[in-house]
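What follows is the residue order along each chain.
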Amino acid sequence: MLKLILIGLKDLKIMFRDRAALTFMLLAPFLLTLGLGFVTGSFGGGGSGLSDIPVVLVNLDKAELGNALVDVFYSEELSTLVEPSGAASAEATYRLVEEDQAAAAVIIPAGFTQSIIPTAGTFSPDPVQIEIYSNPARPTSAGVIKAIVDEFISRVEEGRISGMTAILSIPGIQNMPSEQVEALARGMFENAEADSDSTTAIALKKASQGADAVQFDPLAYMAPGMALMFLMYTVSYGGRSILAEKAQGTLPRLLVSPTLSYQILGGKVFGIFLSGVAQVGILILASSVFFGVRWGDSFGLVLLILAAVFGATGWGLLLTAIGRSAGQVSALGSSVMLIFGILGGSFISLEQLPPFVRMVSKITPNAWGLDGFTTLALGGGLPQLAEPITALLVMGASLFAVSAILFRRTNVMKR
Amino acid sequence: MPPILQVHSLVKKYGDFTAVKGISFDIQQGEIFSLLGPNGAGKTTTISILSTLYDPTEGDATIAGHSIRKDPMAVRRVIGVVPQDLALYEDLTARENLEFWGRMYDLSGKSLANRIAEVLEQIGLTERAKDRVRTFSGGMKRRVNIGVGLLHKPQLLFMDEPTVGIDPQSRRAILDTVKELNRQGMTVLYTTHYMEEAAELSHRVGIIDHGEMIAIGTQKELTQQVGQTETLILHIGENDDPAALAQSLTGLEGVLQAQATDHEVSVITPEAEDVLAAVVGAANERGIKIRSIDIREPNLEAVFLHLTGRALRD
Ligand SMILES: Nc1ncnc2c1ncn2[C@@H]1O[C@H](COP(=O)(O)OP(=O)(O)OP(=O)(O)O)[C@@H](O)[C@H]1O
Ligand SMILES: [Mg+2]
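Presented here is an overview of the structure given in this document.

Calculation notes
Residues numbered from 1 in each chain as written. Chains lettered and ligands numbered in written order. Predicted model: local features only at pLDDT ≥ 70, side-chain atom pairs only at ≥ 80, totals over all residues. Heavy atoms only, no water. Near = heavy atom within 4 Å. Polar contact = N/O pair within 3.5 Å; in protein donor to acceptor, adjacent residues only side chain to side chain. Areas by Shrake-Rupley, 256 points an atom, 1.4 Å probe, with all protein chains shown as cover. Helix = DSSP H or I, 4+ residues; strand = E, 2+ residues; numbered from the N terminus. Nonpolar A, V, L, I, M, F, W, Y, C, P; charged D, E, K, R; others polar. Pairing = 2+ DSSP bridges. Axes fitted to C-alpha atoms, helices over the stretch in contact; angles between N-to-C directions. Contact = heavy atoms within 4.5 Å. Buried area = accessible area lost by both parts, 1.4 Å probe. Salt bridge = Lys/Arg side-chain N within 4 Å of Asp/Glu carboxyl O. Donors = N, O, S within 2.8 Å, 3.2 Å for Na, K, Ca; no water.

1. Considering the site of ligand 1
All names here are of chain B.
Then, in step 1: By nearness alone, 13 residues border ligand 1, and Gly-40, Lys-43, Thr-44, Thr-45 and Glu-161 come closest of all.
Then, in step 2: A distance of 2.8 Å is found between an oxygen atom of ligand 1 and a backbone nitrogen or oxygen belonging to Lys-43.
Then, in step 3: Starting from 630 Å² of accessible surface for ligand 1 in isolation, the protein chains cover 63%.
Then, in step 4: Here the shell around ligand 1 gets three residues from one element, more than from any other, and that element is helix α1 (residues 43–50).
Then, in step 5: Classifying every residue of the shell around ligand 1 gives five nonpolar, six polar and two charged.

2. Some points on the sheet that holds strand β14 (residues 290–296) of chain B
Residue and element names in this part refer to chain B.
Then, in step 1: On the basis of which strands lie adjacent, the open sheet formed by four strands has the order β12-β13-β11-β14 and antiparallel pairing. Strands with a single pairing partner mark the edges of an open sheet, and in this sheet they are β12 (257–261) and β14. Between one strand axis and the next, the sheet turns through 20° on average, direction left out of account.
Then, in step 2: Relative to strand β13 (residues 264–269), β12 runs antiparallel, the two sharing five bridges. Within β13, the position partnered with Gln-257 by the bridge is Ile-268.
Then, in step 3: With respect to the sheet, helix α10 (residues 272–285) is in contact with β11 (230–236), β13 and β14, its orientation differing from that of β11 by roughly 25°.
Then, in step 4: Across the sheet, helix α11 (residues 300–308) is in contact with β11, β12 and β13; its angle to β12 comes to roughly 115°.

3. A word on the interface of chain A and chain B
Then, in step 1: With 23 residues of chain A in contact, the opposing surface of chain B contributes 28 residues.
Then, in step 2: With both sides pooled, the region where chain A packs onto chain B buries about 2,400 Å², and carbon together with sulfur makes up 62% of that total.
Then, in step 3: For the pair chain A and chain B, the number of links is three salt bridges.
Then, in step 4: The residue A:Lys3 makes a salt bridge to B:Asp106 at a minimum N-O spacing of 3.1 Å.
Then, in step 5: If you look at where chain A meets chain B, you find 12 residue pairs in polar contact (both at pLDDT 80 or more).
Then, in step 6: Secondary structure elements with two or more residues in the side of chain A that touches chain B: α1 (2–15) and α10 (250–255) of chain A.
Then, in step 7: For the side of chain A that touches chain B, the element with the highest residue contribution is α1(A), accounting for seven residues.
Then, in step 8: A per-class count over the side of chain A that touches chain B returns 10 nonpolar, five polar and eight charged.

4. Considering the coordination of the magnesium ion (ligand 2)
The textbook angles at a metal center are 109.5 degrees for a tetrahedron of four donors and 90 or 180 degrees for an octahedron of six.
Then, in step 1: Surrounding the magnesium ion (ligand 2) are the protein donor atoms B:Thr44 (OG1) and B:Gln84 (OE1), which sit 1.8 to 2.0 Å from the metal. Of this pair, B:Thr44 sits in helix α1 while B:Gln84 sits in the loop between β6 (79–82) and α3 (94–104), and the two are 40 residues apart along the sequence.

In structure tokens, the structure reads:
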């Protein structure tokens, strides 16, 4: 195990001493992000890459809070970001979303207001949930809609907590026995405190999230987009180094030392993984230091980076198993980097690509990784990341298995 | 004491081509044994099998009692390998290379640090330890390549043509290092296609050609096979054609063989004095100026020539 780690660290060191490699790993994606940032005017603080997101609203509540949420969507502030329209029933909205006419539907159920601001005799301890029906083909836009709703709910939540005493003055509540009211109020308070990530609509979001969380920073899309694209360079460089070591005689030399084959191959794979993690880690850090992108949940961020690099490492190994020489792997790597970059949404948001491309894009670590990064930037946490992370891990594991079979067949460890 | 290395009828086929055709030999503890042979003779293939990189197609060998087939790991622990082609990380410094390879040979901590210091001293690169190998001259790289093979003080060291393509000074240093290592008790299997190196270093020599061991023994034993002959070495001008001269000498009476190498022609004859005049005459006739003539006792070059009818060098 120790030797495996030493081999990996050695590869990391060598990669960081290769100026050409560093240019591709770090400088190119950074500069491209910078360039795209200027082109799209993301540094002005104004216009964002996303605008006029179509959303369908169904207000079955028709009371204070439901109306307030509808007003939010029609407000002046959000007029460029969203393009709201109304629908009569929940079913009608589902159809619109499925036909890709809308990025998401927001269904405010009947009794929503009442569940939060109780009136005499109708008080229910469980708030009614707002339903968001999102279009899987437009994860980013749907994320924005969800963020708006979450933000609204967290405001209501804030009001509910700080307004504990106010509840007591709600008309009709006086008719209740005072002990009951007190117990009720305490229960509500504790519920809101403890259950901040429960599934109730009220607790969807912590109240601390700033109002601008709704604004999606397009750099939070471009920076990881570029990082993920050039991650493919890094993993193919790493894979290439297996064949390069064979050609330069260091692999045979390792094979005649008292080191086991699995330690050698494992060490090489570990080296690819380490380099990728270092690269994406540095680029994501740079996006937050230089571009002010806020990534939110740092635990989720770390897991996402590890998973994305794992998936990409699988591709690096597959390329190595297919390529006959280091040169071939480099050439393959560059093409795959570009193809995956385009397919995976690094250049053009996937939402603007035809459905067929969106399907195919699922084979790229870029698409899943970007999905994850956007989710994070929109305030999502681990539960929302579960899907992309799982997909990336499954992708990596399958590619590892296929490469292992191919490696055995081509006998990479023997000459 | 049993031989440290015993080779039994080793065969290696690459597809249809047989590179090593059933060779057998032993090396005693404390010996320098040279495998002498021209390009493509099968030297590297033999070393690759003995060092457990390739499996033999047939046959086996034991090193310090361990079979290369059945217990390659144990073999790897007792051998050191200096490959023919440099096998180093050029972007790491000399010290970092030694550190990495030392750890691959299970050295660590203080003992690794000590060994690195000793080896650096031995290969004369203490001053340049912090420089990347990429910045080194060919000779210096070769020395690092050797240093890596010495770190774990192997009982048996394989050195595959360690002096190929370097300046005379570095070559001298390497040959002296090999002798010094041997004085300290290391057994060495050395391959070369330079007759002089085999002659200077080895206790015993195996001559290998086309995958076959065609002769084996001490230098004395080998040269006796050639019988009573002498070799005339004619040094000729830069612009003269040694091949043409060799050809015209081949027919002369008393000349057994004449071979051209760069700016030299070697003539094997039973009695040098008898053919000297005729040789000089033949050269004059062709307008070739002989700059100097050496007369040598039979050597390994002559042995090879005698056994194969070809010169050792190309
Ligand atoms: N991997 C291989 N596949 C096929 N043929 C090979 C392979 N390696 C070596 N050979 C052939 O086997 C023969 C012996 O090669 P080897 O490298 O052992 O010779 P050598 O004595 O080390 O020569 P040199 O002095 O040039 O290093 C050569 O004819 C070579 O072409
Ligand atoms: Mg060789």
